[in-house]
Amino acid sequence: MEVKQAIQKRHSVRHFTDQKIDSKQLKEMIGIAQKAPSWVNSQPQKVYVAQGETLEAIRKQQQELAITGAKTNSDIPPMSRKRWSEQAQKNMAEWSHGIPAVLGDNWQETLGKEASQLYNAQAVVYLTLPKGYTPWSLFDLGAFSQNILLATTEQGIDSIVAYNFVKYPQILREELNIPSDEEIIVGIGLGFEDEQAQVNRITSKRMDTESILKIKK
Ligand SMILES: Cc1cc2nc3c(=O)[nH]c(=O)nc-3n(C[C@H](O)[C@H](O)[C@H](O)COP(=O)(O)O)c2cc1C
């Protein structure tokens, strides 16, 4: 698969089938992702993968917390929509407003249920940075993440990056032995897309390139 094809094919999957992912193959893809550039080759990230019984233990606990409406406390707090730029708010609203047409009026309930079940992901890759990291490391982690997404897409494995995976970090620290001097930044769920699932028909548009680009010669 060409890189361009992998970029275009990747999209967020919110319900995976029960088909398992081979750990050896996953390790290889993480190894490829390590080719990402980083500030002075600092390679600041650590990677924790949950599969099998560990993932099921995380899933069960997250579901229990979600049912009780437990307060979320991700290491990076989400920012209120009102504080984003006007354009970003517009883009977010456009995306959200498109969902009821796909999932119906109970869309929030449907999405909430999928989220609490970790989208039935068959592996979750959790990415951490050392506490006190510079924003440059966040940049590096983004590049590393995209490499994971493209390497997995190329292997026919689907994915979703989600805040949802890291909103109860206490479960992850316990189950994955993540030390207290690391911040859990984000999770990437992996698996094979359930093509029958309506939730996987959610689409996302992109702004016109002209509106974000200025080339000056
Ligand atoms: C940092 C980050 C966090 C995200 N968190 C969530 C999430 O918690 N739940 C969710 O359904 N989607 C989440 N997404 C997926 C975005 O909604 C999705 O990437 C965007 O709508 C574009 O759609 P696409 O990935 O299908 O191209 C997240 C994406 C990123 C990059």
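Numbering of residues starts from 1 in each chain and follows the order in which that chain's sequence is written. The predicted origin of the model limits local features to residues at a pLDDT of at least 70 and limits the giving and counting of side-chain atom pairs to 80 or more, whereas totals for whole chains, interfaces and linings rest on all residues. To get the side-chain values, take all heavy atoms of the structure and skip hydrogens and water.

Turning to the UniProt feature "domain: Nitroreductase" (unreviewed entry) in the protein chain, a few remarks are in order. Within this numbering scheme, the UniProt entry marks residues 7-191 as carrying the feature "domain: Nitroreductase" (unreviewed entry). Between the end C-alpha atoms of residues 7-191 there is a gap of 17 Å, over a span that is 46% helix and 15% strand. UniProt positions are given in the numbering used here, feature names are shortened, and annotations may be inferred rather than shown by experiment. Only DSSP runs of H or I with at least four residues qualify as helices, and only runs of E with at least two residues qualify as strands; both kinds are numbered from the N terminus onward.

Before going further, it helps to spend a moment on the side chain of Gln45. Structurally, Gln45 is set in the loop between α2 (23-33) and β1 (46-50). Classification of residues uses two cut-offs on accessible area relative to the type maximum, computed with a 1.4 Å probe and protein chains only: under 20% is buried, over 50% is exposed, and between them is partly exposed. By relative accessible area, Gln45 is classed as buried at 14%. Only heavy atoms matter for contacts: two residues are in contact if any of them lie within 4.5 Å across the pair. The contacts of Gln45, once residues within four sequence positions are left out, are Thr128, Leu129, Leu141 and Phe144.

Here the focus is a nonpolar patch on the surface. Residues with no salt bridge and a relative accessible area higher than 30% make up the patches, which join like charges within 9 Å and nonpolar side chains (Val, Leu, Ile, Met, Phe, Trp, Tyr) within 5 Å. Where accessible areas are quoted, they stem from the Shrake-Rupley method and a 1.4 Å probe; at the residue level, only the protein chains shown are allowed to cover. When a carboxyl oxygen of Asp or Glu lies within 4 Å of a side-chain nitrogen of Lys or Arg, that pair is called a salt bridge. Taken together, the side chains of Trp39, Val40, Trp136 and Phe139 present a nonpolar region at the surface, about 530 Å² in accessible area. Inspection of the secondary structure assignment puts Val40 in the loop between α2 and β1.

With that settled, the discussion passes to the site of the ligand. The cutoff for a nearby residue is simple: one of its non-hydrogen atoms must lie within 4 Å of the molecule or strand. Around the ligand, the surrounding shell holds 13 residues, and the nearest of these are Ser12, Arg14, Tyr163, Ser204 and Arg206. Pairs of N or O atoms are called polar contacts if they sit within 3.5 Å, as long as, within protein, a hydrogen donor faces a hydrogen acceptor (for residues adjacent in sequence, only side-chain-to-side-chain pairs). Residue Arg14 places a side-chain N or O atom 2.7 Å away from an oxygen atom belonging to the ligand. With respect to the ligand, the backbone of Tyr163 contributes an N or O atom lying 2.9 Å from a nitrogen atom. Out of a free accessible area of 620 Å², the ligand has 64% covered by protein chains. The element best represented in the shell around the ligand is strand β3 (residues 158-162), accounting for three residues. Looking at the shell around the ligand residue by residue, the class counts come to six nonpolar, four polar and three charged. Residues are grouped as follows: nonpolar covers Ala, Val, Leu, Ile, Met, Phe, Trp, Tyr, Cys and Pro; charged covers Asp, Glu, Lys and Arg; every other residue, Gly included, is treated as polar.

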